[in-house]
Every structure is written in structure tokens, then in C-alpha cells.
Amino acid sequence: MADGRINAEQIEYWNERGGPQWVQLQERLDAQIGPLGLVALEQAAAQPGESVLDVGCGCGHTALALAEQVGPRGSVTGIDISRPMLGRARERQQEQQLQNLTFLPADAQTHQFEPASVDLIFSRFGVMFFEDAAQAFGNLRTALRPGGRLCFLCWQELRKNDWVRVPLQAAAQHVPLPPRPEPGAPGPFSLADPARVRAILDTAGFRNVRCQSHETDMSVGGATGVDGAVAFLLTIGPVAALLRESDADTRSRVAESIRAALLPYADGNSVCLSSATWVVQAEVQP
Ligand SMILES: C[S@@+](CC[C@H](N)C(=O)[O-])C[C@H]1O[C@@H](n2cnc3c(N)ncnc32)[C@H](O)[C@@H]1O
């Protein structure tokens, strides 16, 4: 599907590989990143009656929470390029019988939003994958009403996120690490530099940009025990991507090394390593 369209690589990835994995591991992923998302949801402070856009809403965890918060007088739209993830989100919506929530299969960078129709744009880790972040945030801004606000959660740099740095280093004993991505290239760490975030949001027409640091231990894969955490890391995320072409022998040696590297962090059923995120907030002119 990588055919020259805007965000073609990401559209392919989130429909063919990443998306199905996120659906398969949805409960574990929500257990892992749910507590981080809650911090951002608290800052976003969606109010009853508000209209909210959840960008890169994936399997719908935060969109469901926002729909509860805004209540029957409010509305939430979850936008995402991943059809499998939106499929899971719709299932959950039906289970919870939320009428004020819709899911939109579209690219947030280019979709023509109804101008000035939204009070709050929210995202949990769904805004780091744009080919052109300035264009994407400029486009998103058009959806906000005067005085509307933006609140999203993104990762800080890799070296502050041991939950991914430690297993990657363990894997690197057996497989070469890929070259460092260009600064700002689409990917989990593309918005790690607050100076870049401010520049992008200023250009996109937001004001009063704040990046609030949140550092806490995070339970890898939720509470799965060490073997569960190793299996989780080998299935999804940067380590799994590293091993895509590896044979069974290499995979099992990597698994052994990751297990040894995680053991010092194991406590009961949890394997907790440091995480560092930014809660980014901004507004448009009232
Ligand atoms: C790391 S996942 C996070 C999913 C969800 N927000 C969560 O926290 O569970 C990133 C999400 O962003 C979506 N995404 C990536 N680029 C996008 C774009 N240009 N427009 C809309 N969604 C996009 C992906 O399909 C994926 O669902």
C-alpha cells in the first residue's frame, strides 16, 4: 500500500502489521499505557457537553473514557488510519453502548474537518507518526473553535525510557540496531524534543504551548510476569521490529538476554521500568 500517498508507509504499517498486533494485545497495551493516558486525560479535563476529537484513537481506550466524561450532551470522534484498530474500538463502543461516540477512518493530517467545530483535541501517543507534523497540526487546528484546546501525550527521548532502552540493548548483543532515525522522522520518539514541539505548534497557529514532564515506572505489558513481559516485547514494538527477519535461534538467544536484563526489575507479577512522557497542551486564540 506504500504508493506515494501522504503517510503511505504509516497507513500500510498500521493496517498490515502494527494494527493487527495492537488489536491482539489491546488489553495488555491498555494495561501498560493506561496509567500514562490517565495523566493526560486529567490535564485535558473534558467537560460535560464538550465536543472532542481523539487523534490516532486506535482501539478506542481514551475515546471511550472521553465519551463518558462529556456525557450524552457531548460528543467524541475518534479518528484513525487503522481499520483493524477502529474495528476493535467499535466493538468496545457497542459493548459499552455509548451513543455519543463515532469513529472516523481518515488521516488526521489531511482530513477536512468541519471548521471550528471541536472544543478539545486529545491524543494518547497518536500524533507522532505524521509525515509533515506542521501540516498535520495546522490541519487539526482548523477543527478547533476559538479558545479550543489541544492536549496530547508523547514519549520523551529513548534514553529516558528504560522500558524500551533496556530490552533493545539486550537484543543488540545478537542483532545490529538500526541506524538512528533522522530527528523528527515519523515514529514513537518524533516529538521527544520540546523545542521542536513548540516550533511545530507555533507554526500551526497554537499559542501558550506547554510541555509538562511525566516520569514514572511502567509495567511492561501490564502485570504479566517476566516471561510474559519478554513475550510481549518480542511481539510488539521496537524489539519485535528488530527481529522481524531473524531465525528461531537468534530469537531465542535474544529472548534469553532480554529475560536476564529484565529480571532485576521484576517485582511479583510486574516488571516495572522507567518511562518518560510529555503532556503537551496548547490553545487557539479565543
Ligand atoms: C501508538 S498507537 C496509539 C493508539 C491509541 N491512541 C492508544 O493509545 O491506544 C498510534 C495510533 O496512531 C494512528 N495514526 C498514525 N498516523 C495517523 C494519522 N496520520 N491519522 C490518524 N491516525 C494515525 C495509528 O493508526 C495508531 O492507531
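If you're wondering where the values come from, they're calculated on a predicted model, not measured in any experiment.

Another aspect to go through is the packing of helix α2 (residues 26–44) against helix α3 (residues 61–70). Where α2 contacts α3, the axes come no closer than 10 Å and their chain directions differ by 40°. With respect to each other, α2 and α3 are oriented oblique. In the packing of α2 onto α3, the handedness of the crossing is right-handed. Contacts between α2 and α3 pair Asp30, Gly34 and Leu41 from the former with His61, Thr62, Ala65, Leu66 and Gln69 from the latter. Across the contact of α2 with α3, the residue classes break down as three nonpolar, four polar and one charged.

Further remarks concern the site of the ligand. Around the ligand, the surrounding shell holds 19 residues, and the nearest of these are Gly56, Asp80, Asp107, Ala108 and Arg124. The separation between an oxygen atom of the ligand and a polar side-chain atom of Arg124 is 2.5 Å. Considering the ligand on its own, with 590 Å² of exposed area, one finds that the protein chains cover 98% of that surface. Looking at the shell around the ligand residue by residue, the class counts come to eleven nonpolar, five polar and three charged.

Extensive coverage of strand β4 (residues 118–124) is indicated by the burial of seven of its seven residues. Of the pairings in the sheet, the one linking strand β1 (residues 51–55) to β4 comprises three bridges and is parallel in character. By the bridge assignment for β4, Leu53 is matched with Ile121. A crossover connection joins β4 to the parallel strand β5 (residues 144–155) through helix α5 (residues 133–143); in handedness this β-α-β unit is right-handed.

A few words now on the nonpolar core. What tends to happen in soluble globular proteins is that the nonpolar side chains get buried as a cluster. Residues Phe137, Phe152 and Leu201 are the most contacted members of the largest nonpolar core, which totals 90 residues. Setting aside chain neighbours within four positions, we find Leu201 in contact with Phe137, Leu150, Phe152, Phe206, Val209, Val280 and Ala282.

The next point concerns the packing of aromatic side chains. Within this structure, the stated rule accounts for seven aromatic pairs. Ring geometry for Trp155 and Trp163: centres 4.8 Å apart, planes at 40°, overall tilted. Linked through ring pairs, Tyr13, Trp14, Trp22 and Phe129 together constitute an aromatic cluster.

A word on the pairing of strand β3 (residues 101–105). Two faces, one strand: in a regular strand the side chains alternate between the faces of the sheet. Here strand β2 (residues 75–80) pairs with β3 via five bridges, running parallel. Bridge pairing in β3 places Gly78 opposite Phe103.

This part is about the environment of Leu101. Among the structural elements, Leu101 can be located in strand β3. Along the chain, Leu101 and Ser75 lie 26 residues apart, while their C-alpha atoms are 5.9 Å from each other. If sequence neighbours within four positions are ignored, Leu101 has contacts with Ala63, Leu64, Ala67, Val76 and Gln93.

Looking now at the layout of surface pockets. Picture a little ball the size of a water molecule; that probe, rolled over the atoms, points out where space is still empty. Reported here for the second largest pocket is a volume of approximately 170 Å³. In terms of lining residues, the second largest pocket is bounded by eleven residues, among which Arg5, Ile11, Ile81, Ala106 and Asp107 are the most central. Here the residues of the lining of the second largest pocket sort into six nonpolar, one polar and four charged.

This next bit is on unusual backbone geometry. Phi is positive for Ala45, which is not a glycine, with a value near 45°. Along the chain, Ala45 falls in the loop between α2 and β1. Phi is positive for Asn208, close to 55°, though the residue is something other than glycine. Note on placement: Asn208 falls in strand β6 (residues 207–219). The partly exposed category is assigned to Asn208, whose relative accessible area is 47%.

So, on to the pattern of salt bridges. Here the structure, examined in full by the defined rule, presents twelve salt bridges. Two residues, Asp119 and Arg145, come together in a salt bridge whose shortest N-O distance is 2.4 Å. Placement of the pair is Asp119 in strand β4 and Arg145 in strand β5, with a sequence separation of 26 residues. On the basis of relative accessible area, Arg145 is assigned to the partly exposed category, the value being 29%. Note that Glu157 and Arg159 form a salt bridge whose closest N and O atoms lie 3.1 Å from each other. With a relative accessible area of 35%, Glu157 lands in the partly exposed category. Taken together, the shared-partner salt bridges in this structure form one network comprising Asp30, Arg92 and Arg124.

This brings us to helix α4 (residues 83–96). If you check α4, its first and last C-alpha atoms are 20 Å apart, about what 14 residues at 1.5 Å a residue would give, namely 20 Å. Of all the residues in α4, the buried ones are Met85, Leu86, Arg88, Ala89, Arg92 and Gln93. The buried residues of α4 occupy an angular sector of 155° when projected down its axis, which confines them to one face. Structural note: α4 exposes Arg83, Gln94 and Glu95 on the side pointing more than 90 degrees away from its buried face. Looking at the buried side of α4, the elements it contacts are α1 (8–24), α2, α3, β2 and β3. Of the residues flanking the start of α4, the one acting as N-cap is Ser82, its side-chain oxygen 3.3 Å from the backbone nitrogen of Met85. Following α4 by one or two positions, Gln97 has its phi on the positive side, about 50°.

Procedures and definitions
Residues numbered from 1 in each chain as written. Predicted model: local features only at pLDDT ≥ 70, side-chain atom pairs only at ≥ 80, totals over all residues. Heavy atoms only, no water. Axes fitted to C-alpha atoms, helices over the stretch in contact; angles between N-to-C directions. Helix = DSSP H or I, 4+ residues; strand = E, 2+ residues; numbered from the N terminus. Parallel < 35°, antiparallel > 145°, perpendicular 65-115°, else oblique. Left-handed = near helix turned anticlockwise from the far one by under 90°. Contact = heavy atoms within 4.5 Å. Nonpolar A, V, L, I, M, F, W, Y, C, P; charged D, E, K, R; others polar. Near = heavy atom within 4 Å. Polar contact = N/O pair within 3.5 Å; in protein donor to acceptor, adjacent residues only side chain to side chain. Areas by Shrake-Rupley, 256 points an atom, 1.4 Å probe, with all protein chains shown as cover. Buried < 20%, exposed > 50% of the residue type's maximum accessible area, 1.4 Å probe, protein only. Pairing = 2+ DSSP bridges. Right-handed = clockwise from strand over helix to strand, strands pointing away. Core = buried A, V, L, I, M, F, W, Y, C linked by side-chain atoms within 4.5 Å. Phe/Tyr/Trp six-rings, centres within 6.5 Å; stacked < 30°, edge-to-face > 60°. 1 Å grid on protein atoms, 1.4 Å probe; cavity = no way out; pocket = protein on both sides within 12 Å on 5 of 7 lines; lining within 4 Å. Points joined across faces, edges and corners; volume = space filled by probe spheres on them. Salt bridge = Lys/Arg side-chain N within 4 Å of Asp/Glu carboxyl O. Expected span 1.5 Å × (residues − 1). Arc of directions from axis to C-beta.

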